[in-house]
Amino acid sequence: MATEQHSPSDGAVKHRHRQEGPQRHIVVFVLSVVLTLIAFAAVAAGGVNATFAVILLLVMAVFQVILQMGFWMHLKDKGHLLPIIFMLGGFFIAGTCIVMALYWVWWD
Amino acid sequence: MTTAHAEAAGTLPHEPEKATLEGRNKVLAFWLFLGGESVLFGTLFATFLALRNQTNEGPSANELFHLPLVAAATFLLLVSSLTSVFAIQAMHRNKPALLRNWLLITVFLGLGFLGLEIYEFSEYIRHEKFGMTTSAFSSAFYTLVGFHGAHVAFGILWISVLIGQLARKGLTVITAPKVYVSAMYWHFIDVVWVFIFTVVYLLGKVG
């Protein structure tokens, strides 16, 4: 995993290559702002079909979270298999709790 | 430059948070912690979603929430997440002064977010008669959003202490993993807020 990146054989060239600029993070920021604005605008404008609004809002949120976890928390980078497993495991159990609460508590 | 060379030359390796086994272990363990935090917030979201329409004749979500305030808080937290990215980039370029400045800006934006949340809660309690025990909806709301706010408060405290530690001990392979992990925590707080403004506030307005 992370040790690969720091084995003595991969020298200066690779490390300097990995130095990334702020550009792509600003792109992620702008995309996050756009996704947030779409969500707020859809609600503020009103008159949007409720079912459609719920789906739109959730899709915007999931996109934004994937962007931020991928780029800002570096999950897209090499050597992040275990962190991805940890997070997906957490999200899976969290999702199970939510499904339980929505469909079990109000079952009739 | 390899880690060994960097240490011999007295400079910082390119990714100082991953230069030592302890640093790498800290980052990996923190991911496990964030997986656990996801479960914790998941249970709070589940409770909120199950109870969000049980208003007990108190205010409903639609009557209560003001979108401009929520949008302002969202923007503050989103920008603070970006500034903590810049802090880590400054760290990777071995610029301690720049790192400190970006961390300070992150802390101030976090304080702004917290201030808005405190103002919001106090308005609800004083003017809307919307307290912790008003309804199942209010209890679930304050527990979920308040727990997130407590995370923000803890993050502010944590990063502030790190700024002090950086000033005393400098940027080393010991302090770098601490900064990196605190930035991961801060991003996670913003990720949770994305779900809160969507599920609590915007879905509350939709009904």
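Residues numbered from 1 in each chain as written. Chains lettered and ligands numbered in written order. Predicted model: local features only at pLDDT ≥ 70, side-chain atom pairs only at ≥ 80, totals over all residues. Heavy atoms only, no water.

- As annotated in an unreviewed UniProt entry, chain B is Cytochrome B oxidoreductase from Paenibacillus helianthi.
- Heading Subcellular location (unreviewed entry) of the UniProt record for chain B holds this comment: "Cell membrane".
- Per UniProt, chain B carries the Sequence similarities (unreviewed entry) text "Belongs to the cytochrome c oxidase subunit 3 family." (UniProt positions renumbered as here; feature names shortened; annotations may be inferred.)

- Within an unreviewed UniProt entry, the label attached to chain A reads Cytochrome C oxidase subunit IV, and the organism entered is Paenibacillus helianthi.
- Per UniProt, chain A carries the Sequence similarities (unreviewed entry) text "Belongs to the cytochrome c oxidase bacterial subunit 4 family."

**Remarks on the overall build of chain A**
Line of reasoning, step 1. Assigned secondary structure in chain A consists of 4 helices and 0 strands.
Line of reasoning, step 2. Within chain A, buried positions represent 36% of all 108 residues.
Line of reasoning, step 3. Within chain A, residue pairs in contact and separated by at least 24 positions form 54% of the contacts whose partners lie at least 6 positions apart.
Line of reasoning, step 4. With an accessible surface of roughly 6500 Å², chain A has 76% of that area assigned to carbon and sulfur atoms. (Helix = DSSP H or I, 4+ residues; strand = E, 2+ residues; numbered from the N terminus. Buried < 20%, exposed > 50% of the residue type's maximum accessible area, 1.4 Å probe, protein only. Contact = heavy atoms within 4.5 Å. Areas by Shrake-Rupley, 256 points an atom, 1.4 Å probe, with all protein chains shown as cover.)

**Let's talk about the UniProt feature "transmembrane region" (unreviewed entry) in chain A**
Residues and elements named next belong to chain A.
Line of reasoning, step 1. As recorded in UniProt, the sites labelled "transmembrane region" (unreviewed entry) are residues 26-46, 52-72 and 84-106.
Line of reasoning, step 2. A distance of 30 Å separates the end C-alpha atoms of residues 26-46, which is 95% helix and 0% strand.
Line of reasoning, step 3. With 87% helix and 0% strand, the stretch residues 84-106 has end C-alpha atoms that lie 32 Å from each other.

**Let's talk about the UniProt feature "transmembrane region" (unreviewed entry) in chain B**
Residue and element names in this part refer to chain B.
Line of reasoning, step 1. Mapped onto the present numbering, the UniProt feature "transmembrane region" (unreviewed entry) falls at residues 28-52, 64-90, 102-119, 140-163 and 183-204.
Line of reasoning, step 2. With 96% helix and 0% strand, residues 28-52 has end C-alpha atoms that lie 36 Å from one another.
Line of reasoning, step 3. This span, residues 102-119, is 100% helix and 0% strand, and a straight line between its end C-alpha atoms measures 26 Å.

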